[in-house]
Structures are given as C-alpha cells and as structure tokens.
Amino acid sequence: MPLQIRSLDWRDLAALRRMSMQGICLHTEAALTRDTHPLTVGIAGYMIVGSSAATFVARERGAQPAFAQLRSSGTHARVHFLAPASGQLPPHTGSALLEELAGEAGRRGAQNLIAEVDEHSAEFEMLRRSGFSIYARQEIYQLQPPVPPGASGALRKRTAADGFAVLALYDNVVPRLVQQVEPAPPEKGNGYVFTRGGELQAYLQVGRGTRGSFVQPFLHPEVQDAIKVVVGGYLQLEAQQAGNPVYWCVRSYQQWMRHALLDFGFTLYGQQAVMVKRLVVPVRRALLDRLAVLQAPEIKVSARIAEFARPDRLQALPDDGAHPQTAAKYAPSPVGMPAWERLN
C-alpha cells in the first residue's frame, strides 16, 4: 500500500493515544507550561466545527502510523505536534505530513507556518527539507522553585491603556524580518510592564499553565541598566504564584539580558531555531480598468483678434508695382491698427 495521508477520524484514536508518548511538541510555550494532550487536541479538531486544531495521519504498509497536528490563529499557524519523534519518522513521511499541514494552514487563511525546534535534532533537518527557514534563534532559561523574591513595585500589570505603547515597543525592538512571520503581542495579553520617566520601556508577555510559566520579554535597549530591576520585579510577583518552574525566552537580538538571568539563578534549558514556512508570495501584475472620458469644453473667443502686418514679409515684396494685390494683402489694416498710430 502506498503512503496515504488523510484527516484524523475515529479509527485512528487508539493509535494516536499510543503514539502520544513518542512524539514531540514544536510549540515551546505549550510544551513547557502545560500538557500537550495530542489525543484531546485530535478529538477537538475532529468533532468541533471551526476548531483551531487539525490532525493528519499517515499510513503505509509495513510501517507504524505517523501523526502531525496544527494549531492556527488568524494569519499564523504552528506545527503543534509530530509523532513519532527522535528520528523514527521516515523522511518522506515527515515531509508529506508537513506539506499537508502547510496546505491546511493556507486553507484556513494563515500566511506563515511556525515551528520551534532544536537545531541538532532530526526534526530540524526534516523541516529544512520541507521548505522551512530560520528567522530567529532563541535560548530558554529555567528557574526551578522556590523562586527568590526580587525588588517589589518595579512592575505593574498591563492594562488596556497600554496597548498602543506595547505595540510601539514591539515595533522598535523586534526586527522587521521577524515581525513579518510572528504575531504581535495580543491587544489584551497577560503580562507586566515597566515604565520610567512616563515611557513604557519593557513588557513581559507571560503564559501560565499547570506545569510552569513562560516569559516572552520585549525590552527597549535603554533598559539595559535596569534589567535586574525588571527581572527581580517579575520574580517578586511570581513568588506569589504556585511553586512551578519559570522559563524565560531570550531571542538572538536581545542576548544582553542573559547575564542578569544567570545572576538570579536561571540555568540554560535549551537552544532552538524559530523556523517558518511562508505560505504566500507577493505577485505583481498590472491592474487594468476603464477610465472615464472627459469632454473638452468648447472655448468661445471673447476678445477681438487684431491682425498686423509682418515687416519682414513687406520688405520681401518687390516695389515695381507688379504685385499690387499681394502688397495690399499684407498692408496693415487701418481698422486693426492701434489708435495712436491712426492718429499720427
């Protein structure tokens, strides 16, 4: 039987449950803060109309089934789960599943398909063969409980009034190339802000789950002298939460903050590449349209036009009287002459 790829149905639920422990989640925040539950995601995508999840299964004679899951939101989608992992997925099967995910994401209106993966894993090579490119690199730092308290009062919870300032900070900090493929912070996101001199200089976007909290920071370069105040202020707030690990994401364009994290007891948890497959390309073509024809207005002469003799033509005429009609034709008209000439 050749390789067949189709959407998940009730016949695949038992196999998906078995394969859940052999797969890998390619969405870092979801993998670290909560249980991914591939079976629950698969059932939701199968039974709920309009669900953000989609699951595909690949079957081939003599091989175990393989699964791939997608989570979409607006113009962005993520490769959520792949099974099996750790190089057990045949390359042609993995590429076919990723191509099916890209097609489904495009049908849902997504423009980018995102995956976060270790550069030294088998999944990284499979993603590259499937058309994914590296748009950023990130390091994940972990702080195990108990969380040490930091400086209090440095941060405050984000409010609706901070929406424009947060987007302006995001626009100034994140490179344009990354902005094209990743969603901006949501308008009503859960996080904390740091202000100084009436200016919002730092925003910590926080995702919480049953297994921990994940911090995606957006820090203005001017806050480098106060980075320990920002980190300590968040730890003071986090110390009041349940005793779960704290994960802090450091992107390649903000590596200057990792020394402050190490001073607070964070340790390097992993290094990843943020890979993206663009699902749309710009197409330039001429747009033809009919133009309205403008009627030229009829211009009526309101002033009288006077004719004057041309001296150069008069000098060229012979003075022997052989052409009296021609001389008369070019002679100045008394009527057309200015009044002061006629008076003279």
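Here, the structure is the one placed above.
The following refers to the structure shown. What you see is a predicted model; the values in this text were computed from it and never measured.

Rules of the game
Residues numbered from 1 in each chain as written. Predicted model: local features only at pLDDT ≥ 70, side-chain atom pairs only at ≥ 80, totals over all residues. Heavy atoms only, no water. Helix = DSSP H or I, 4+ residues; strand = E, 2+ residues; numbered from the N terminus. Buried < 20%, exposed > 50% of the residue type's maximum accessible area, 1.4 Å probe, protein only. Contact = heavy atoms within 4.5 Å. Areas by Shrake-Rupley, 256 points an atom, 1.4 Å probe, with all protein chains shown as cover. Phe/Tyr/Trp six-rings, centres within 6.5 Å; stacked < 30°, edge-to-face > 60°. Salt bridge = Lys/Arg side-chain N within 4 Å of Asp/Glu carboxyl O. Pairing = 2+ DSSP bridges. Core = buried A, V, L, I, M, F, W, Y, C linked by side-chain atoms within 4.5 Å. Axes fitted to C-alpha atoms, helices over the stretch in contact; angles between N-to-C directions. Parallel < 35°, antiparallel > 145°, perpendicular 65-115°, else oblique. Left-handed = near helix turned anticlockwise from the far one by under 90°. Nonpolar A, V, L, I, M, F, W, Y, C, P; charged D, E, K, R; others polar.

### Here's the deal with the overall build of the chain
- Within the chain one finds 12 helices and 13 strands.
- Counting the 344 residues in the chain, one finds 40% classified as buried.
- Long-range contacts, defined as pairs at least 24 residues apart, comprise 73% of the intrachain contacts of the chain with a sequence gap of at least 6.
- For the chain, the accessible area works out to roughly 20100 Å², and carbon and sulfur atoms hold 53% of it.

### Regarding the packing of aromatic side chains
- Here the structure, examined in full by the defined rule, presents six aromatic pairs.
- Judged by centre distance (5.8 Å) and plane angle (70°), the ring pair of Tyr170 and Phe218 falls under edge-to-face. Pair noted here: Tyr170 is in helix H6 (residues 163-173) and Phe218 is in strand E11 (residues 212-219), with a separation of 48 residues, a long-range link.
- Here the aromatic rings of Tyr192 and Tyr234 are separated by 6.1 Å at their centres, their planes lie at 65°, and the arrangement is edge-to-face.

### Topic: the pattern of salt bridges
- Enumeration according to the criterion identifies 17 salt bridges in this entry.
- Among the ionic pairs, Asp12 bridges to Arg6, the shortest N-O distance being 2.7 Å.
- With relative accessibility at 0%, the residue Asp12 sits in the buried group.
- Taking the relative accessible area as the measure of exposure, Arg6 reaches 28% and is therefore partly exposed.
- Arg11 is the salt-bridge partner of Asp9, the closest N and O atoms lying 2.6 Å from each other.
- Looking at Asp9, the relative accessible area reads 14%, which means it is buried.
- Linked by salt bridges that have partners in common, Arg6, Asp9, Arg11, Asp12 and Arg59 make up one network.

### Thoughts on the pairing of strand E12 (residues 246-251)
- Burial analysis of E12 places six of its six residues in the buried class, which makes it a mostly covered element.
- Taking every second residue as pointing to the same face, both faces of E12 are buried, with Val246, Trp248 and Val250 on one and Tyr247, Cys249 and Arg251 on the other.
- Relative to E12, strand E7 (residues 133-143) runs antiparallel, the two being bridged by six bridges. Its bridge partner lying in E12, Gln142 is registered against Tyr247.
- By the bridge criterion, three bridges tie E11 to E12 in an arrangement that is parallel.

### As for the pairing of strand E6 (residues 112-117)
- Burial of E6 is extensive: six of the six residues sit out of reach of the surface.
- Covered by surrounding structure in E6 are Asn112, Ile114 and Glu116 together with Leu113, Ala115 and Val117, the residues of both alternating faces.
- As judged from the three bridges shared by strand E5 (residues 76-83) and E6, these two strands associate in the parallel manner. The partner of Arg78 across the bridge, within E6, is Ile114.
- Where E6 meets strand E13 (residues 267-278), six bridges bridge the pair, whose relative direction is antiparallel. Each bridged residue has a counterpart across the sheet, and for Asn112 the counterpart in E13 is Arg278.

### Some words on the nonpolar core
- Ranked by internal contacts, the top residues of the largest apolar core, which has 26 residues, are Val79, Leu101 and Leu113.
- Every element with two or more residues in this core is listed here: strand E3 (53-59), strand E4 (66-73), E5, helix H4 (91-107), E6, helix H5 (122-129) and E13.
- If you look at the next biggest cluster of nonpolar residues, it comprises 25 residues, including Leu143, Val147, Val215 and Leu235.

### Examining the packing of H4 against H5
- Two numbers describe how H4 lies on H5: the axes approach to 9 Å, and their chain directions differ by 60°. Taken together, the axis directions place H4 and H5 in an arrangement best described as oblique. For the crossing formed where H4 meets H5, the hand is right-handed. Of the residues in H5, those in contact with Pro91, Gly94, Ser95 and Leu98 of H4 are Met126, Leu127 and Arg129.
- Taken together, the residues that form the contact of H4 with H5 break down as four nonpolar, two polar and one charged.

### Topic: unusual backbone geometry
- A cis geometry characterises the amide bond from Ala83 onward to Pro84, with omega recorded as 0°.
- The topology assignment puts Pro84 in the loop between E5 and H4.
- Located in the positive-phi region is His37, a residue other than glycine, with phi close to 50°.
- With respect to the helices, strands and loops of the structure, His37 is situated in the loop between helix H2 (28-33) and helix H3 (38-47).

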